[in-house]
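Here is how the chains run, residue by residue.
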Amino acid sequence: MVVIRAPRVYRPQEDTWLLARALHEVPSVRGGRVLDVCAGTGALTMAAAAAGAGSLTAVDLSWPALMSTWMNCRLRGIAVKLLHGDFGSALRLPRFDVVVANPPYVPAEGEGGHGAARAWDAGPDGRSVLDRLCAMLPDLLTDGGVGLIVHSAISDHQRSLEQLGRQGASAQVVATGTVPFGPVMRSRAGWLAANGFISPGQHEEELVVIRVDRTSSPVVADPA
């Protein structure tokens, strides 16, 4: 897929395509309301359109990303609602039948990325965005709705599964893929190894797609 990409916008790559393939396996995409979280170029918005989505919303903190999504959809005649801000802003909209997300998940020194790095840097454990997304995702879904999240196993997919389960959702790994480190991972491999995220000399990572099925109302802790 050829896409237009403004400067500082994440380039679609292996995690994008792994998630797109998983999306095509979800029957409720056809005719459904679909939300693309951390939309970037809109590659997944376009994948949802190709799968027959009834309506499309794309959310991103980056104006260049939303501009890229708009241009790519416009060129293909795809109608999309654009939402600028954190994915939490989508809570004010009606719930979605399908939510697809490729959030930042690469462990990094410091709390967050700047500029282009905001698309991948996710704090010291790679979970600064994932933890909030897992806590919020069931509230974005209709009853019986489906969410799909992709991230590296380096960022602890078991923790994602456990968090989603506590939110009243059924969560399971539905796709994996092993890929060579890209430029970002190669550039910080020494730091990642020193902090126990990878083994010394490791040059590949496992990508994981987690499917989230909202099967009940989110669990609310007893204040007592």
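If you're wondering where the values come from, they're calculated on a predicted model, not measured in any experiment.

A.B. asks: How do you make sense of the packing of helix α4 (residues 130-140) against helix α5 (residues 157-166) when you look at a structure like this?
C.D. replies: Any two packed helices are characterised by the angle at which their axes cross and by the distance between the axes. The N-to-C vectors of α4 and α5 enclose an angle of 30°; their axes lie 9 Å apart at closest approach. Taken together, the axes of α4 and α5 are roughly parallel relative to one another. Relative to α5, the crossing made by α4 is right-handed. Where α4 abuts α5, its residues Leu130, Asp131, Cys134, Leu137 and Pro138 lie against Arg159, Ser160, Gln163 and Leu164. Of the residues belonging to the contact of α4 with α5, the class tally is 5 nonpolar, 2 polar and 2 charged.

A.B. asks: Before we go on, may I ask you to explain the pattern of salt bridges in this structure?
C.D. replies: Close approach of charged atoms allows side chains with opposite charge to pair. This model, assessed by the stated rule, comprises 8 salt bridges. Among the ionic pairs, arginine 127 bridges to aspartate 131, the shortest N-O distance being 2.9 Å. The exposure class assigned to arginine 127 is buried, which follows from its relative accessible area of 1%. Of the charged contacts in the structure, one is a salt bridge between arginine 214 and aspartate 139, with a shortest N-O distance of 4.0 Å. You can see arginine 214 sitting in strand β7 (residues 204-214) and its partner aspartate 139 sitting in helix α4, a full 75 residues away along the chain. Owing to a relative accessible area of 32%, aspartate 139 belongs among the partly exposed residues under this scheme. Residues joined by salt bridges that share partners form a network here, namely Asp125, Arg127, Asp131 and Arg159.

A.B. asks: Even after reading the chapter, I still don't get the sheet that holds β7, so can you show me in this structure?
C.D. replies: Within a sheet, each strand pairs with its neighbour through backbone hydrogen bonds, oriented either parallel or antiparallel. The sheet built from 7 strands is open, its strands ordered β3-β2-β1-β4-β5-β7-β6 with mixed pairing. Each edge of the open sheet carries a strand with a single partner, namely β3 (81-84) and β6 (169-180). Averaged over neighbouring strand pairs, the angle between their axes works out to 15° when direction is ignored. Pairing analysis gives 5 bridges linking strand β1 (residues 33-37) to strand β2 (residues 55-60), with the strands arranged parallel. Looking across to β2, one finds that leucine 35 is bridged to threonine 57. Where helix α3 (residues 63-75) meets the sheet, it contacts β2 and β3, and its direction lies at approximately 175° from that of β3. Along the sheet, α5 contacts β5 (141-152), β6 and β7; its crossing angle with β6, the most-contacted strand, is approximately 165°.

A.B. asks: Got a minute to help me understand α4 in this structure?
C.D. replies: Two residues of an α-helix separated by three or four positions point the same way, owing to the 3.6 residues in each turn. All of the buried residues along α4 are Leu130, Leu133, Cys134, Met136, Leu137, Pro138 and Leu140. Buried residues along α4 sit in contact with β1, β4 (96-101), β5, α5, β6 and β7.

A.B. asks: When you look at the environment of valine 212 in this model, what are you seeing that I'm missing?
C.D. replies: In this structure, valine 212 sits in strand β7. Here the alpha-carbon distance between valine 212 and proline 138, two residues 74 residues apart in the chain, equals 7.9 Å. If near-sequence neighbours (up to four positions away) are discounted, valine 212 is found in contact with Leu137, Leu141, Gly145, Val146, Gly147, Ile149, Leu164, Ala169 and Ser170.

A.B. asks: Help me out: how do you make sense of the side chain of serine 68 in this one?
C.D. replies: The residue serine 68 is located in helix α3 in this model. A relative accessible area of 0% means that serine 68 is categorised as buried. Sequence-distant contacts of serine 68, that is, excluding residues within four places in its chain, are made with Ile4, Arg5, Ala6, Val9, Gly40 and Thr41.

A.B. asks: Help me out: how do you make sense of α5 in this one?
C.D. replies: Of the residues making up α5, those classed as buried are Ser160, Leu161, Gln163 and Leu164. One face of α5 carries all of its buried residues, which in axial projection span an arc of 165°. The inward-facing, buried residues of α5 abut α4, β5, β6 and β7. In the segment just after α5, glycine 168 is the residue with positive phi, at about 85°.

About the thresholds
- Residue positions are given per chain, counted from 1 along the sequence in the order it is written.
- Residue-level local features of this predicted model are given only where pLDDT is at least 70; pairs of side-chain atoms are given and counted only at 80 or more, and the full residue set underlies all totals for whole chains, interfaces and linings.
- Think of the side-chain values as coming from all heavy atoms in the structure, minus any hydrogens and water.
- The axes used here are C-alpha line fits, helices contributing only the stretch in contact, and every angle between their N-to-C directions lies in the interval 0 to 180 degrees.
- Strands are runs of DSSP state E lasting at least 2 residues, helices are runs of H or I lasting at least 4, and numbering of each runs from the N terminus.
- Geometric relationships in this document are graded by angle, where less than 35 degrees denotes roughly parallel, more than 145 denotes roughly antiparallel, 65 to 115 denotes roughly perpendicular, and other angles denote oblique.
- For a crossing to be left-handed, the near helix must be turned anticlockwise from the far one by less than a right angle; the clockwise case is right-handed.
- Note on definitions: a residue-residue contact is assigned when non-hydrogen atoms from the two residues lie within 4.5 Å.
- Residue classes follow a fixed rule: Ala, Val, Leu, Ile, Met, Phe, Trp, Tyr, Cys and Pro count as nonpolar, while Asp, Glu, Lys and Arg count as charged, and any other residue, Gly among them, counts as polar.
- Salt bridges are identified by distance alone: a Lys or Arg side-chain nitrogen within 4 Å of an Asp or Glu carboxyl oxygen.
- Burial here depends on accessible area, computed with a 1.4 Å probe over protein chains only, as a share of the maximum for the residue type. Under 20% is buried, over 50% is exposed, and the range in between is partly exposed.
- Strand pairing is assigned whenever DSSP detects at least two bridges linking the two strands.
- Regarding the arc, it is the one traced by the directions from the helix axis to the C-beta atoms.

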